Amino acid sequence: MRIEDVYIWDINAKWLGITPYQLMENAGAGVARTIEERFGKGLKIAVFSGTGNNGGDGFVTARHLSFENDVTLFLVGDEAKIRSEEARHNWEILKGLDFVKIRVLKDSTYIRSLDLSGFDVIVDALLGAGTKGEPREPIRSAIEKMNEYAGKAKIVSVDLPSGYPSQVQVKADFTVTFQWDKEEYEGFERVVVKIGYPKELYHIVGPGDAKFALRKKGEHKGQNGKLLIIGGSGDYYGAPYLAARAASYLVDLVYLAMPGYPARRVTDPDLILRPVEGKNFSPGHVEELLSIAEKADAVVIGPGIGLSEETKEFVRRFVRRCEKPMVIDADGLKAIAGDLSVLRGKTFVLTPHAGEFKVLFGVKPEGSFQEKAELVRAKAREIGGVILLKGAYDVISDGEAWKYNRTGNRGMTTGGTGDVLAGLVGALLALGNAPLRAASAGAFINGLAGDMVKEGLGENFTALEVAKKVPHTVRWVVEF
Ligand SMILES: NC(=O)C1=CN([C@@H]2O[C@H](COP(=O)(O)OP(=O)(O)OC[C@H]3O[C@@H](n4cnc5c(N)ncnc54)[C@H](O)[C@@H]3O)[C@@H](O)[C@H]2O)[C@@H](O)CC1
Ligand SMILES: [K+]
């Protein structure tokens with residue numbers, strides 16, 4: 001488990017309705033339980049809390065321990081700085097208790113003169129995951145004070161030894177950390193307690209994934225992604241247009257390459273049209289498209305591209321030679337189905353529905369979403385890339401992890417929502433996301449946009465309405 005995942009899962013847990021109050025309660029209760037299991041009861045215990053949520057865990061720990069121990073809570077810092085609702089709530093509870101002694105310590109000199117002899121256990125809840133830089137006063141003096149008692153009293157840190165990873169850090173006997181052991185933590189003994197996250201978090205796609213995928217990188221044009229979309233055929237222009245429209249809200253530039261005939265029908269000033277000669281893409285266009293792809297960060301190929309033999313050959317040759325991350329969708333999937341070896345060594349997301357999946361791999365995904373996920377994972381591993389299987393629950397895998405997405409509704413069976421999805425996934429690839437994250441976040445945003453359209457229009461809407469909801473969806477995600 002990495003800290004980045006914890007960030008995402010926290011947000012997804014909130015989306016599932018799990019409140020910060022519940023998590024803090026479980027965290028503090030877990031620390032108290034661990035202490036009593038290790039050291040027994042009837043002890044004299046000092047809890048040092050900071051003003052952040054690590055300190056909040058300390059407030060809860062103090063309350064739980066107070067039932068059968070003699071507890072003193074030292075608040076290091078200014079009471080007015082206890083900002084989060086849940087930490088403040090637990091602080092107010094503590095202040096109303098008569099059997100927990102409270103000392104507020106703001107002055108470093110005073111902290112240095114404290115006598116902690118007589119305490120059997122010292123709980124360190126000064127700084128946790130929100131630590132920035134070297135510990136500052138008065139926290140620093142409190143850390144040094146606790147360390148004077150290392151080896152005399154038992155020192156238990158909450159989440160992290162305060163000060164970690166600086167030189168000045170608490171010398172804890174052990175640290176109680178929450179739910180998962182994080183890969184980045186090293187050099188101290190950890191006990192993991194669970195705080196009520198459900199198993200869903202390993203697999204469900206939520207606003208956390210989308211928020212992470214949407215983080216802006218640059219202030220200048222072109223720094224936030226350039227996407228090439230290749231599609232359209234005959235007089236068919238709707239599919240690549242929808243993909244481009246949706247993507248245009250996320251990236252700085254969208255190049256839309258289409259055969260000249262359908263391209264004449266697109267007049268959207270937000271897109272950069274790159275018409276090519278003829279009614280269909282054919283192998284003669286490969287060099288031209290590869291040189292446009294050079295300028296882009298990612299490519300979507302397939303929407304509305306058609307199934308003529310020359311076009312299928314074009315798709316296979318282009319994919320074989322393109323070095324940019326790709327989304328292959330719709331007719332593009334049918335083109336490569338004849339020769340999956342073109343994917344070798346490529347970075348890509350395939351976005352089939354169940355029927356296209358069958359064409360690609362010869363088996364139809366069936367059964368529960370977990371069963372489908374196992375199949376998708378096996379096939380993703382075989383081809384060495386990401387598969388996003390569209391359905392009531394979208395299932396996504398890179399051959400290792402698998403995810404599922406629950407946003408979306410029946411109205412989205414309307415034609416074109418798959419093109420919107422392909423555009424979004426392409427845009428998220430162009431923003432620099434790994435294919436699994438781009439595919440997951442794209443599925444989430446697409447479904448949520450559909451859900452937002454449904455709120456206003458019921459279940460009878462069109463894909464263009466879904467595309468146009470993308471900016472509202474993004475705002476919702478960023479603000480969540
Ligand atoms: N879902 C979650 O995120 C959960 C978080 N929990 C707890 O919340 C903690 C994170 O809480 P916060 O994000 O509030 O962060 P912290 O409580 O770790 O620290 C933030 C506070 O410390 C101050 N600070 C930061 N760096 C400092 C430094 N170098 N010197 C002095 N003061 C400094 C900040 O001004 C702020 O007041 C976790 O470590 C964990 O203990 C738990 O309640 C369980 C659930
Ligand atoms: K701590």
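It should be emphasised that the depicted structure is a prediction, and the values quoted were computed from it without experimental measurement.

Q: Hey, could you run me through the nonpolar core in this one?
A: Within soluble globular proteins, side chains that are nonpolar tend to cluster in buried spots. Of all hydrophobic cores here, the largest spans 85 residues; its most connected members are Leu228, Ile230, Leu289, Phe314, Phe318 and Leu350. Top element by residues in this core is helix 2 (residues 20–39). It accounts for six residues. Residue assignment places this core across two domains, with domain 1 (19–196) and domain 2 (207–479) each supplying three or more. Apart from the residues within four sequence positions on either side, Ile230 is in contact with Ala257, Phe281, Leu289, Val299, Val300, Ile301, Gly302, Pro303, Ile305, Phe314 and Phe318. Core analysis: the second largest hydrophobic core is formed by 56 residues, Val205, Leu424, Val425 and Met452 among them.

Q: Explain the UniProt feature "binding site: K(+)" (unreviewed entry) in the protein to me, please; I cannot follow it from the model alone.
A: Within this numbering scheme, the UniProt entry marks Asn54, Asp124 and Ser162 as carrying the feature "binding site: K(+)" (unreviewed entry). With the annotated positions falling across 109 residues, the maximum pairwise C-alpha distance of 9.4 Å places them together in a single cluster. With respect to the helices and strands, Asp124 occurs in strand 4 (residues 121–125). Residue class for Asp124 comes out buried when judged on its relative accessible area of 0%. In this structure, Asp124 is in contact with Phe48, Asn54, Met146, Val156, Ser157, Val158, Leu160, Pro161, Ser162 and Val170, ignoring residues within four places of it in sequence. The residue Ser162 is located in the loop between strand 5 (154–158) and strand 6 (174–178) in this model.

Q: Got a minute to help me understand the site of ligand 1 in this structure?
A: Near ligand 1 you find 24 residues, and of these Asn53, Asp57, Gly128, Ala129 and Asp159 are the closest. In this structure, an oxygen atom belonging to ligand 1 sits 2.8 Å away from a main-chain N or O atom of Asn53. Separating an oxygen atom of ligand 1 from a side-chain N or O atom of Asn54 is a distance of 2.8 Å. For ligand 1, whose free accessible area comes to 870 Å², the fraction covered by protein is 77%. At the level of elements, helix 2 and helix 3 (53–66) are the ones that each hand at least two residues to the shell around ligand 1. Of the residues in the shell around ligand 1, the class split is ten nonpolar, eight polar and six charged.

Q: Is there a simple way to think about the sheet that holds strand 15 (residues 394–397) in this case?
A: Within a sheet, neighbouring strands are paired by backbone hydrogen bonds and run either parallel or antiparallel to one another. Read across the open sheet, the nine strands follow the order 10-9-8-11-12-13-14-15-16; overall the sheet is mixed. Two strands in the sheet have a free side with no partner beyond their single neighbour: strand 10 (272–276) and strand 16 (402–405). Strand-to-strand twist in this sheet, taken as the mean axis angle between neighbours without regard to direction, amounts to 15 degrees. Those strands touched by helix 15 (residues 369–383) are strand 13 (348–350), strand 14 (386–389), strand 15 and strand 16, and its axis lies near 35 degrees from that of strand 15.

Q: Looking at this model, I keep getting lost on helix 19 (residues 470–479). Mind explaining?
A: Each α-helix turn comprises 3.6 residues. Residues three or four places apart therefore point the same way. Buried residues of helix 19: Val470, Thr473, Val474 and Val477, and no others. Projection of helix 19 onto a plane perpendicular to its axis shows the buried side chains occupying an angular sector of 100 degrees, all on one side. Those residues of helix 19 that are exposed and angled more than 90 degrees off the buried face are Arg475 and Glu479. Buried residues belonging to helix 19 abut helix 8 (207–213), helix 9 (238–248), helix 16 (417–430), helix 17 (435–457) and helix 18 (463–468).

Q: Is there a simple way to explain the sheet that holds strand 2 (residues 70–76) in this structure?
A: As summarised here, the arrangement of the seven strands in space is 3-2-1-4-5-6-7, forming an open sheet in which the pairing is parallel. At either margin of the open sheet sits one strand with a lone partner, and together these are strand 3 (101–105) and strand 7 (190–193). Ignoring strand direction, the axes of neighbouring strands in this sheet form an average angle of 20 degrees. The pairing of strand 4 with strand 5 spans four bridges and is classified as parallel. Looking at strand 5, one finds that Val121 is bridged to Lys154. Packing against the sheet, helix 4 (residues 85–95) makes contact with strand 2 and strand 3, and its axis sits at approximately 125 degrees to strand 3.

Criteria and thresholds
Residues numbered from 1 in each chain as written. Chains lettered and ligands numbered in written order. Predicted model: local features only at pLDDT ≥ 70, side-chain atom pairs only at ≥ 80, totals over all residues. Heavy atoms only, no water. Core = buried A, V, L, I, M, F, W, Y, C linked by side-chain atoms within 4.5 Å. Buried < 20%, exposed > 50% of the residue type's maximum accessible area, 1.4 Å probe, protein only. Helix = DSSP H or I, 4+ residues; strand = E, 2+ residues; numbered from the N terminus. Domains from an automatic or database assignment. Contact = heavy atoms within 4.5 Å. UniProt positions renumbered as here; feature names shortened; annotations may be inferred. Near = heavy atom within 4 Å. Polar contact = N/O pair within 3.5 Å; in protein donor to acceptor, adjacent residues only side chain to side chain. Areas by Shrake-Rupley, 256 points an atom, 1.4 Å probe, with all protein chains shown as cover. Nonpolar A, V, L, I, M, F, W, Y, C, P; charged D, E, K, R; others polar. Pairing = 2+ DSSP bridges. Axes fitted to C-alpha atoms, helices over the stretch in contact; angles between N-to-C directions. Arc of directions from axis to C-beta.

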